[in-house]
Amino acid sequence: ADVARVQQEDPALLEREKELRRQEEALEAARRKAAEEQEKLRGEEVKLAAVREQERRRQQLARDEERAREEAAALESKRRQLQEQTMQAMAAAPPQAPPPAQPEPAYQQRQAPFQPPPVAP
């Protein structure tokens, strides 16, 4: 009760208390704003991390595609080389006679032509 009476009687003290409340409110508002900014920064950091990961994956994909193109080119070169070697070998080799006819198996050679059974009189 005495404190309230003294505050009412002393305008300087009353003004100082009002100023302290304004400063406390301003400090609390600044804290809230700082917390909001901190949260906003976290969101930006998450987005930045996602962009970095996406770029890392894009670069890895580009490296994989380049490696696949190089492998395909190497395989195509090897295929052409083998085809050329085959053609050269075929050109250099004497013409081959067709393979000899295979004789019929022995059981087919011994078989007599079909004759109907004799008819009894």
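Because the structure is a prediction, the values reported are computed rather than measured.

**Points about the overall build of the protein**
Thinking step 1. For the protein, the helix and strand inventory stands at three helices and zero strands.
Thinking step 2. When its helices and strands are written in sequence order, the protein yields α-α-α.
Thinking step 3. Across the 121 residues in the protein, those meeting the buried criterion constitute 0%.
Thinking step 4. Element-wise, carbon and sulfur atoms account for 57% of the exposed surface of the protein, whose accessible area totals about 11,900 Å².

**With respect to the pattern of salt bridges**
In a structure, side chains of opposite charge can pair up when their charged atoms sit close to one another.
Thinking step 1. This model, assessed by the stated rule, comprises 14 salt bridges.
Thinking step 2. Across the pair R56 and E53 runs a salt bridge, and its minimum N-O distance is 2.6 Å. On the criterion of helical spacing, the pair formed by R56 and E53 is a turn pair, its members being three residues apart in helix α2 (residues 11-92).
Thinking step 3. Take E53: its relative accessible area is 29%, and that puts it in the partly exposed class.
Thinking step 4. Taking the shortest distance from any N to any O, the salt bridge between E76 and R80 comes out at 3.5 Å. Of this pair, E76 and R80 are both found in helix α2, four residues apart, which corresponds to roughly one turn of the helix.

**Thoughts on the confidence of the model for the protein**
Thinking step 1. Summary statistics for the protein give a mean pLDDT of 86 and a share of 83% for residues scoring 70 or more.
Thinking step 2. Confidence scores differ between elements of the protein, with helix α3 (residues 106-110) showing the lowest mean pLDDT of 58 and α2 the highest of 95.

Scoring rules and cut-offs
Residues numbered from 1 in each chain as written. Predicted model: local features only at pLDDT ≥ 70, side-chain atom pairs only at ≥ 80, totals over all residues. Heavy atoms only, no water. Helix = DSSP H or I, 4+ residues; strand = E, 2+ residues; numbered from the N terminus. Buried < 20%, exposed > 50% of the residue type's maximum accessible area, 1.4 Å probe, protein only. Areas by Shrake-Rupley, 256 points an atom, 1.4 Å probe, with all protein chains shown as cover. Salt bridge = Lys/Arg side-chain N within 4 Å of Asp/Glu carboxyl O. pLDDT = per-residue confidence, 0-100.

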